[in-house]
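For reference, the chains in residue letters:
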Amino acid sequence: MEPRLTDNLMVFFTLIIFLSQGSAEIYEDLNFCGTWRHGNGPLSLNLNLSTGCDGISISASKSSLSIEGQITALCSEAKEILLHPAGSKLESYFCLYWEPLQDQLKLQFRELNLTLCPPASMWGTCCSQLSNGPKSHEAAYGILNGSVKTDLFSDKVHAAYKFKGTSIACNTLLNEENQGSAEVIITEDKDKGSTAEVEMKKDFRGFNITSPTTTSGSAESATTVQIPRVLKKVAKSTNKVSCTFLKNNSMFQEGPVEGRILNVVEITVGNDTIENLSEPIRISFHHDVIPKRHSRKCVSWDTKKDPSQVNWVDKGCKTRVNGGKHTECLCDHLTFFTVLVQMEPRPVRHLLALTAITSLGCAVSVISCIALIIFLYKKSKRFQKQCILIHRGLAISLVLLNLLFFLTGVLANVGGEYLCTWVGAGLHYALLSSFSWMGIEVFHTFMLVKLVLINFPNPKPYVWNLVGFALPLLPVTILFAVGDIYGLREVEQSEDESDPYKMCWLKNNPRALSAHYFTIAVLAILVVSGLVMLLPVYKQIRTRVEWRQNKMVLFSIWGLSIVFGITWGLTFLDFGPLSDFVLFLFCILNSFQGFLLMLRFFILDRMSKRAGGSAFSSTSSGSTRQHMLQAQEKS
């Protein structure tokens, strides 16, 4: 009798505890609503969310509503949001919505609709099966009539409500939700791959299919397709969706494919042409790590142009990159889908024409700069001017740059890798030296325009030479010592990728990227500085009578743009529909830079002689800013 009495007492006390705490409901998602009782001051939202599945807490005080905890797979937020300024209302209705399959959290507060965590693709696990925890104490300010869907927790005012979460596989959760709305038949083909045929029933609410690779224990190449419910409405010939996870991708790699493709998935509904879906097909590709330097995009096979030819396009697809191992595609049509990874730089269009223009421009620039150096040397005997030394330094660096660039193709084919290591380093040095002298031109003009009134001392000539010739040698020496940075570089042409153009330059490897980014940074600083310097120069010269009469303001700005190296900034505009035009303009202006530089100085000298003076006769230490500018323009 005693054991039975003991069991009865345990059941009795358990029942009392259960009734005192209330039953704990389980919710797949969360739809929590209530009335916030607050003060009449400004109202704010305190958000503190992190990834995990520990649970979520909704609390309220006199002036703030707080949402905190661990419930998301990707979203992490910690911020304060102003909901409403001070007002007379003391109560506000709100609802908090949590959708685990989309990792989305939304808040509706009065007329506001806030997305606290934007929707994302299904991750490995979802935080679901939320159970309400014990209610907090009653308070003067807090949440009144807290409820989830139709379940009212309390008609009193409580300071907070807590819900505990449970991790569950997203695939399992989605299939539980859609159970009974679809049936799946999976077939295997040794050559083609696996095909999943999904029958969309009358109450179809969406479905997701994962490639069979996950069942074999390898999730590195798994692909998941999430079929939206809207597909049932637009399907005409049949109610069956076919998803084929292809094994052999070699046929899709044929033709002019600009990169490497990952797994290919074919999605069809009979012979229907499905386009412009209001809710996209979600395709999640799991793959090996893709380095950040390699861009990727979701593409689909355009069968309209020529079904027999592979033609990957990104139209109709959006790409979401979730780390190095996961790429999600959101597409509004049905066909073949994959992820295109750009492994190498894109082949250059019109490479033969660009090479011819550049070679001609470099040859002309070498001759022009040599003539300019002789011209400046003769002038330096008559006038001891710092500007002559600076112009001469720029001309010498351009001679070296254009000469090496003109010969780099020949040396790459004749000398091979060893010679290209030295030539590539020399070419990089010449480029940095040219940028340095262009920067010196910018700074010297700044001294003439802005620093003349404070009698800023002119640096010694050897300082300019150190900055222009010695300083660029430092990074090149370091990069050369590191090794495997300079050498043979092959540039593919889009017309014939089997016959690339060889040159001596920076190698195409991860280590050489540091040198590439350094050069781009130097160029960006130079271009920005030149553009900034053009503004005060233009303000000075546009008011001068002789320039207005001869209509030479435009010529002066053009000339300074050549001297300052602003034309090199066209490399940042090499994108979009005008990419080819910008590329040709870049090659023409910069390969002929030496010729244009010589032309500018000869024209200025000719104008000065007609005016009865000399381009270098005015002093560089005048007492007025206008006089200094005039000396610089004439020099």
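Computed from a prediction, not measured in an experiment: that's the story for all the values here.

A. Seen up close, the overall build of the protein. Regarding its fold elements, the protein presents 13 helices and 29 strands. Looking at the protein residue by residue over its 635 residues, the buried ones come to 46%. Long-range pairs, those at least 24 residues apart, make up 69% of the contacts in the protein with a sequence separation of at least 6.

B. Molecular detail of the pattern of salt bridges. Per the stated rule, a full pass over the model turns up 9 salt bridges. E91 serves as the salt-bridge partner of R37, at 2.9 Å between the closest nitrogen and oxygen. Remark: E91 occurs in strand 7 (residues 91-99) and R37 occurs in strand 2 (residues 30-37); sequence separation between them is 54 residues. On the basis of relative accessible area, R37 is assigned to the partly exposed category, the value being 29%. The closest approach of N and O atoms between E77 and K79, which form a salt bridge, is 3.9 Å. Owing to a relative accessible area of 25%, E77 belongs among the partly exposed residues under this scheme.

C. Focus on the packing of aromatic side chains. Applying the stated rule across the entire model yields 14 aromatic pairs. Between the aromatic rings of W301 and F336, the centroid separation amounts to 4.9 Å while the plane-to-plane angle is 50°, which identifies the pairing as tilted. One end of the pair, W301, is in strand 23 (residues 296-301); the other, F336, is in strand 27 (residues 336-341), and 35 residues separate them in sequence. Across this residue pair, the class does not change: W301 and F336 are buried. One residue, R600, lies across the ring of F601, its end atom 5.2 Å from the ring centre.

D. Looking closely at the side chain of N590. Looking at where N590 falls in the secondary structure, it is placed in helix 11 (residues 579-591). At a separation of 3.3 Å, a polar atom in the side chain of N590 contacts the side chain of W568. Residues in contact with N590, not counting those within four places in the same chain, are T567 and W568.

E. Inspection of unusual backbone geometry at higher detail. Residue N145 is not a glycine yet carries a positive backbone phi of 55°. With respect to the helices and strands, the residue N145 is situated in strand 11 (residues 138-148). N145 sits in the partly exposed class, given a relative accessible area of 32%. Its identity as a non-glycine residue notwithstanding, N276 has a phi of 55°, on the positive side. Position of N276 relative to the elements: it lies in the loop between strand 21 (265-268) and strand 22 (281-286). What makes N276 exposed here is its relative accessible area of 65%.

Criteria and cut-off values
- Residues numbered from 1 in each chain as written.
- Predicted model: local features only at pLDDT ≥ 70, side-chain atom pairs only at ≥ 80, totals over all residues.
- Heavy atoms only, no water.
- Helix = DSSP H or I, 4+ residues; strand = E, 2+ residues; numbered from the N terminus.
- Buried < 20%, exposed > 50% of the residue type's maximum accessible area, 1.4 Å probe, protein only.
- Contact = heavy atoms within 4.5 Å.
- Salt bridge = Lys/Arg side-chain N within 4 Å of Asp/Glu carboxyl O.
- Phe/Tyr/Trp six-rings, centres within 6.5 Å; stacked < 30°, edge-to-face > 60°.
- Lys NZ or Arg CZ within 6 Å of the ring centre and 35° of its normal.
- Polar contact = N/O pair within 3.5 Å; in protein donor to acceptor, adjacent residues only side chain to side chain.

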